[in-house]
Amino acid sequence: MNWLDRIRPKGLTTSKTEKGNSVPEGLWKKCIKCQSPLYRPELERNLDVCPKCGYHMRIGARRRINIFLDEDGIREIGQDIEAIDRLKFKDVKKYKDRLLEAQKHTGERDALIAVSGNLKSLPVIVCSFEFSFNGGSMGYAVGEKFALAAKKALEERKPLICFSASGGARMQEAVISLMQMAKTSAVLEKMRIAGIPYVSVMTDPVYGGVSASLAMLGDLNIAEPGARAGFAGPNIIEQTVRQKLPADFQKSEFLLEKGQIDMIIPRNELRQRLHKMLSILTDSMRSLRD
């Protein structure tokens, strides 16, 4: 009997695949990068970062908000906004059916959650993408909710922080999804003119129309370690240019080296470091206003 069998609670079942890996279902999770079996409660305490190799696993939008903001005072913005199937789009499945499935799977109305809250007592507005909802794709609802959050940041003169994780514009909404790039870029320009800080935090992955608009327009562009960001994926680029790309192409470390982002911050340092930076920026805002 191996050590996992000895400590596994009675009655805990394993799938056929997991039996071969000796990883019990539910209580353990295997790291995608180093393949180490990780005890879930310990992994959650470490903010879903592998304690053995430092790999940053994907987390849901609400969990990200909850570990980033103070517990008290979180209020959702635009919670009733959801996608509209104006084009009656259908491929192998109707778009409205895809939306219903995603809503049932995630418990969210669409791929973006926006809230107001406090970061170590500093009032902020936060947006977070839910990648499990149609790949975090940006359609009408995402663009509208982001714009609403940015307008609230303008009105209340609060910094805006966005955690991006997206495959890009939502193809089922065609040009309606593409116009969200212009909408989000326009409201961020208003914030820039008003001197309200906008911090973009790129998590894994950020591609397409989101990378070409709101994700790369921060006053500070930050990424988690190992996060991938770009417009087209590396496979498509390799097929187009017919060249082999570097192994770390489009990863945050590569982007930092090429000057496309400002810094890389590990997940467990984000609260402290962003609070410090935003405190300096908001103090500057007050000084200019006075």
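Just so it is clear, the structure is predicted and the values come from calculations on it, not from any experiment. (Residues numbered from 1 in each chain as written. Predicted model: local features only at pLDDT ≥ 70, side-chain atom pairs only at ≥ 80, totals over all residues. Heavy atoms only, no water.)

### Section: the packing of aromatic side chains
As enumerated under the stated definition, the model contains 4 aromatic pairs in all. Here the aromatic rings of Phe68 and Phe163 are separated by 5.1 Å at their centres, their planes lie at 75°, and the arrangement is edge-to-face. Pair noted here: Phe68 is in helix α4 (residues 61-68) and Phe163 is in strand β6 (residues 160-166), with a separation of 95 residues, a long-range link. Residue Phe68 shares its accessibility class with Phe163, and that shared class is buried. When the ring centre of Phe131 is taken as origin, the NZ or CZ atom of Arg58, which lies over that ring, is 4.6 Å away. Residue placement shows Arg86 over the ring face of Tyr140; its charged tip is 4.9 Å from the ring centre. (Phe/Tyr/Trp six-rings, centres within 6.5 Å; stacked < 30°, edge-to-face > 60°. Helix = DSSP H or I, 4+ residues; strand = E, 2+ residues; numbered from the N terminus. Buried < 20%, exposed > 50% of the residue type's maximum accessible area, 1.4 Å probe, protein only. Lys NZ or Arg CZ within 6 Å of the ring centre and 35° of its normal.)

### A look at the pattern of salt bridges
Counted under the stated rule, the structure contains 19 salt bridges. One salt bridge connects Glu224 with Arg267, and the closest N-O pair in it is separated by 2.9 Å. One end of the pair, Glu224, is in the loop between β8 (220-223) and α9 (234-241); the other, Arg267, is in the loop between β9 (263-264) and α11 (270-289), with 43 residues separating them in the sequence. Across the pair, exposure class does not vary: Glu224 and Arg267 are buried alike. In the salt-bridge network here, residues are joined through shared partners; they are Arg58, Asp204 and Arg228. (Salt bridge = Lys/Arg side-chain N within 4 Å of Asp/Glu carboxyl O.)

### What about the side chain of Ser166?
Along the chain, Ser166 falls in strand β6. Taking relative accessible area as the criterion, Ser166 reaches 0% and is therefore assigned buried. There is a polar contact of 2.7 Å between the side chain of Ser166 and the backbone oxygen of Gly136. Excluding residues within four positions of it along the chain, Ser166 makes contact with Phe129, Phe131, Gly135, Gly136, Ser137, Met138, Pro205, Val206, Tyr207 and Val210. (Polar contact = N/O pair within 3.5 Å; in protein donor to acceptor, adjacent residues only side chain to side chain. Contact = heavy atoms within 4.5 Å.)

### Here's the deal with the pairing of strand β5 (residues 122-129)
Within β5, 7 of the 8 residues are buried, which leaves the element mostly enclosed by the surrounding structure. With 8 bridges connecting them, strand β4 (residues 112-119) and β5 associate as antiparallel partners. Counted as the bridge partner of Ile113 is Ser128 from β5. Two successive antiparallel strands, β4 and β5, enclose a turn made up of 2 residues, where Lys120 displays a positive phi of approximately 50°. Two strands pair when backbone bridges link them, and β5 and β6 are joined in this way by 4 bridges, in the parallel orientation. Counted as the bridge partner of Cys127 is Cys162 from β6. Crossover connection from β5 via helix α6 (residues 140-156) to parallel β6: handedness right-handed. (Pairing = 2+ DSSP bridges. Right-handed = clockwise from strand over helix to strand, strands pointing away.)

### Remarks on the nonpolar core
Of all hydrophobic cores here, the largest spans 38 residues; its most connected members are Cys127, Phe129, Phe146, Leu160, Met191, Tyr198 and Leu214. Counting residues per element, the ones that place at least two in this core are α5 (95-106), β4, β5, α6, β6, α7 (174-194), β7 (198-206) and α10 (252-257). Sort the elements by how many residues they give to this core and α6 lands first, with 5 residues. Counting residues in each nonpolar core, the second largest holds 22 residues, with Leu69, Phe163, Leu220 and Met263 among its members. (Core = buried A, V, L, I, M, F, W, Y, C linked by side-chain atoms within 4.5 Å.)

### Things to note about the environment of Ala194
Of note, Ala194 is situated in helix α7. Relative accessible area serves as the criterion here: at 30%, Ala194 is assigned to the partly exposed category. Those residues within four positions of Ala194 in sequence are excluded, and the remaining contacts are Leu154 and Arg157.

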